[in-house]
Every structure is written in C-alpha cells, then in structure tokens.
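Tertiary structure, described
Each chain is listed here by its residues.
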Amino acid sequence: MIHKTWTDSKTKKQLKCVHANAKKYKVDRVLTPGKTYDVKNETEEFYFVIDNSGKVGGFKKDYFEEL
C-alpha cells in the first residue's frame, strides 16, 4: 500500500524528460519534453514521478535523464 502515500513522500531526485515518443501508450499527454519531474519511487525499469496530471505515474527510464 506504499503507493497511496507517494504523493506525500519526500522527493528522491529530479529528472528531466528527454522525449515523450511512446510506441504503445499516450505518454505525450502526461509528460512534456524539457520539463523537470520529481521522482517519488524507482525500480530497475521504471521511475514513478508526479506527471502533468498531478498524479503519480510509472514511466520507463528511457524517457528521462538525471540532473
């Protein structure tokens, strides 16, 4: 149930979105290239960030670069 408290948790780091070109999903609706996002959680394959909708979403790491 940790995902229910991610929006209130401390930011682990910040990332810059480098692209929003997804083959399968509509990522360009919730990510803006060039914008900085706060990382709330991280796995080997995904970053969980607060996206443009104001909710926490999981995105593949290749959409971002570390600052």
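Just so it is clear, the structure is predicted and the values come from calculations on it, not from any experiment.

Topic: the side chain of D51
- Along the polypeptide, D51 turns up in the loop between β3 (46-50) and β4 (56-60).
- In contact with D51, other than residues within four places in its own chain, are V30, L31, Y37, G57 and F59.

Focus on the sheet that holds β4
- Judged by pairing direction, the sheet is antiparallel, and its five strands sit side by side in the order β4-β3-β2-β1-β5 without closing on themselves. Two strands in the sheet have a free side with no partner beyond their single neighbour: β4 and β5 (64-66). On average, each strand axis in the sheet is tilted by 45° relative to the strand beside it, whichever way the strands run.
- Sheet topology note: the strand β1 (residues 13-17)/strand β2 (residues 36-42) ladder contains four bridges and is antiparallel. What sits directly across from L15, in β2, is Y37.

Thresholds, definitions, all that
- Residues numbered from 1 in each chain as written.
- Predicted model: local features only at pLDDT ≥ 70, side-chain atom pairs only at ≥ 80, totals over all residues.
- Heavy atoms only, no water.
- Helix = DSSP H or I, 4+ residues; strand = E, 2+ residues; numbered from the N terminus.
- Contact = heavy atoms within 4.5 Å.
- Pairing = 2+ DSSP bridges.
- Axes fitted to C-alpha atoms, helices over the stretch in contact; angles between N-to-C directions.

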